[in-house]
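# Descriptive structure summary
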Amino acid sequence: MNIKPISVLEHYDSVLQEVSMGNPVYLTSGKGGDFAIVSRKELEELHAIKTLFSEIAKGEASARQEGWLSADEVEERLGI
């Protein structure tokens, strides 16, 4: 785990070079705030995962409220 004090941002170029996919740089401050610098690609993947889980939760809630479909019912609705 790559943990550094927030003061290293004075030399942000070197900090950014340490960030890679799956290897964020964690920043801490004396005020208790914790931050992470992640690559743009990793941030996009995290957003996609969050969206996916949100949609799965919506689907599960809908199924619990309206009832589940059998595999045969799904195939019939999809025409396969």
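All figures in this text were calculated on a predicted structure; none of them were measured in a lab. (Residues numbered from 1 in each chain as written. Predicted model: local features only at pLDDT ≥ 70, side-chain atom pairs only at ≥ 80, totals over all residues. Heavy atoms only, no water.)

## A closer look at the overall build of the chain
From N to C terminus, the chain includes three helices and three strands. Written out in order from the N terminus, the α and β elements of the chain read β-α-β-β-α-α. Taking 12 Å as the expected radius of gyration for a compact globule of 80 residues, we find that the chain reaches 21 Å, considerably beyond that expectation. Along the three orthogonal principal directions, the C-alpha set of the chain runs to about 60 × 30 × 15 Å. Burial status across the chain gives 14% buried among its 80 residues. Restricting the contact set of the chain to residue pairs at least 6 apart, pairs at least 24 apart contribute 13%. (Helix = DSSP H or I, 4+ residues; strand = E, 2+ residues; numbered from the N terminus. Rg over C-alpha atoms; globule rule 2.2 N^0.38 Å. Buried < 20%, exposed > 50% of the residue type's maximum accessible area, 1.4 Å probe, protein only. Contact = heavy atoms within 4.5 Å.)

## Details of the confidence of the model for the chain
In the predicted model, the chain carries a mean pLDDT of 91, and the fraction of residues at 70 or more is 98%. Mean pLDDT in the chain bottoms out at strand β1 (residues 2-5), which sits at 88, and peaks at helix α2 (residues 40-66), which reaches 96. (pLDDT = per-residue confidence, 0-100.)

## Considering the pairing of β1
Burial along β1 is one-sided: N2 and K4 are buried, and none of I3 and P5, which face the opposite way, are. Judged from the four bridges that link them, β1 and strand β2 (residues 25-28) form a sheet pairing that is parallel. Residue P5 lies in a different strand from β2, and its bridge partner there is T28. What joins β1 to β2 is helix α1 (residues 12-18), and the crossover it makes is right-handed. (Pairing = 2+ DSSP bridges. Right-handed = clockwise from strand over helix to strand, strands pointing away.)

## Some details on the environment of F35
Inspection of the secondary structure puts F35 in strand β3 (residues 34-37). A relative accessible area of 45% means that F35 is categorised as partly exposed. Distance in space between the C-alpha atoms of F35 and P5 is 10.0 Å, their sequence separation being 30 residues. For F35, the contacting residues outside a window of four places in its chain are I6, V25, Y26 and L27.

## Description of the pattern of salt bridges
Within the structure shown, the criterion is met by four salt bridges. Where E55 meets K58, a salt bridge forms, and the shortest distance between an N and an O atom there is 3.1 Å. A residue pair is termed a helical-turn pair when its members lie 3 or 4 positions apart in one helix, as E55 and K58 do in helix α2 at three residues. Under the relative-accessibility criterion, E55 is labelled partly exposed at 43%. With a shortest N-O distance of 2.6 Å, E60 and R64 are connected by a salt bridge. Separated by four residues within a single helix, E60 and R64 lie in helix α2, roughly one turn from each other. (Salt bridge = Lys/Arg side-chain N within 4 Å of Asp/Glu carboxyl O.)

## Things to note about the pairing of β2
What you see with β2 is a clean split: V25 and L27 sit on the buried side and Y26 and T28 on the side with no burial. Bridging between β2 and β3 involves four bridges; their strand directions are antiparallel. Along β3, the bridge assignment pairs L27 with F35.

## Quick look at α2
Over its 27 residues, α2 runs 39 Å from end to end, which matches the ideal 39 Å to within 8%, given 1.5 Å per residue. The first or second residue beyond α2 is G67, which carries a positive phi of 100°. (Expected span 1.5 Å × (residues − 1).)

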